[in-house]
Amino acid sequence: VQLQASGGGLVQAGGSLRLSCVADGRTLRRYTVAWFRQAPGKERTFVAAFKLAGDYTDIAESVKGRFTISRDNAKNTVYLQMNSLRPEDTAVYYCAADPGVIRSNVASQSAYAYWGQGTLVTVSS
């Protein structure tokens, strides 16, 4: 499966953005789809994940209450809605997917075989 992330851009603190992750080639219905981010000079970290078959959503504590993850199966797309953005949210955001992720491993990068190319989010103060 090929993933295409989009929707990044420059936004002022307190603003909102919605990122999209579109899958080509296969339906995401049975996949766990996650968002990770990598800030300048830092390691890539988990942001959120969603699995329809299994019906769970995981959100990192650092963004809980501000970010939500959702999907549109008809469009084979997963969204990351980001509200109340802060300068520390500035990063390249990546979507990832895999059909075999177990719940306890959802925040681990190594659990995902498929990755999108990343989209840059810049939050100005």
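In short, a report on the structure. (Residues numbered from 1 in each chain as written. Predicted model: local features only at pLDDT ≥ 70, side-chain atom pairs only at ≥ 80, totals over all residues. Heavy atoms only, no water.)

**Here's the deal with the sheet that holds strand 8 (residues 77–82)**
For step 1, the next point in the chain: One open sheet accounts for four strands, arranged 1-3-8-7; its pairing is antiparallel. In the strand order of this sheet, the two ends are held by strand 1 (2–6) and strand 7 (67–72), each with one partner. Sheet twist, expressed as the average angle between the axes of neighbouring strands with direction ignored, equals 15°. (Pairing = 2+ DSSP bridges. Helix = DSSP H or I, 4+ residues; strand = E, 2+ residues; numbered from the N terminus. Axes fitted to C-alpha atoms, helices over the stretch in contact; angles between N-to-C directions.)

**Some words on unusual backbone geometry**
For step 1, the next point in the chain: Backbone geometry places asparagine 76, a non-glycine residue, at a positive phi of 55°.
For step 2, the next point in the chain: You can see asparagine 76 is positioned in the loop between strand 7 and strand 8.
For step 3, the next point in the chain: Positive phi values are uncommon outside glycine, yet serine 84 reaches one of about 50°.
For step 4, the next point in the chain: Within the secondary structure, serine 84 sits in the loop between strand 8 and strand 9 (91–98).
For step 5, the next point in the chain: Under the relative-accessibility criterion, serine 84 is labelled partly exposed at 41%. (Buried < 20%, exposed > 50% of the residue type's maximum accessible area, 1.4 Å probe, protein only.)

**Quick notes on the pairing of strand 4 (residues 32–38)**
For step 1, the next point in the chain: Judged by how many residues are buried, strand 4 sits mostly within the fold: six of seven residues are covered.
For step 2, the next point in the chain: Note that strand 4 and strand 5 (residues 44–51) share seven bridges and pair antiparallel. Bridge pairing links glutamine 38 to arginine 44 in strand 5.
For step 3, the next point in the chain: Here strand 4 folds back onto strand 5 in antiparallel fashion, the turn holding five residues, of which glycine 41 has a positive phi close to 75°.

**Some points on the state of the cysteines**
For step 1, the next point in the chain: On inspection of all chains with the given rule, the structure shows one disulfide.
For step 2, the next point in the chain: With a sulfur-sulfur separation of 2.2 Å, cysteine 21 is cross-linked through a disulfide to cysteine 95. Across the disulfide from cysteine 21 to cysteine 95, rotation about the S-S bond amounts to roughly 70°, and the bridge is consequently right-handed. Taken together, the positions of cysteine 21 in strand 3 (residues 17–24) and cysteine 95 in strand 9 put the pair 74 residues apart, joining distant regions of the chain. With respect to class, cysteine 21 is no different from cysteine 95; both count as buried. (Disulfide = S-S within 2.5 Å.)

**Side note on the pattern of salt bridges**
Side-chain pairing between opposite charges can occur once the charged atoms of the two side chains come close.
For step 1, the next point in the chain: Following the criterion strictly, the structure yields four salt bridges and no others.
For step 2, the next point in the chain: Between arginine 103 and aspartate 58 there is a salt bridge whose closest N-O contact spans 2.8 Å. Residue arginine 103 is located in the loop between strand 9 and strand 10 (114–115), and its partner aspartate 58 is located in strand 6 (residues 56–59); the two are separated by 45 residues in the primary sequence.
For step 3, the next point in the chain: By relative accessible area, which is 17% here, aspartate 58 ends up buried.
For step 4, the next point in the chain: With its nearest N and O atoms 2.8 Å apart, the salt bridge here joins glutamate 61 to lysine 64.
For step 5, the next point in the chain: The exposure class assigned to glutamate 61 is exposed, which follows from its relative accessible area of 63%.
For step 6, the next point in the chain: We classify lysine 64 as partly exposed; its relative accessible area is 47%. (Salt bridge = Lys/Arg side-chain N within 4 Å of Asp/Glu carboxyl O.)

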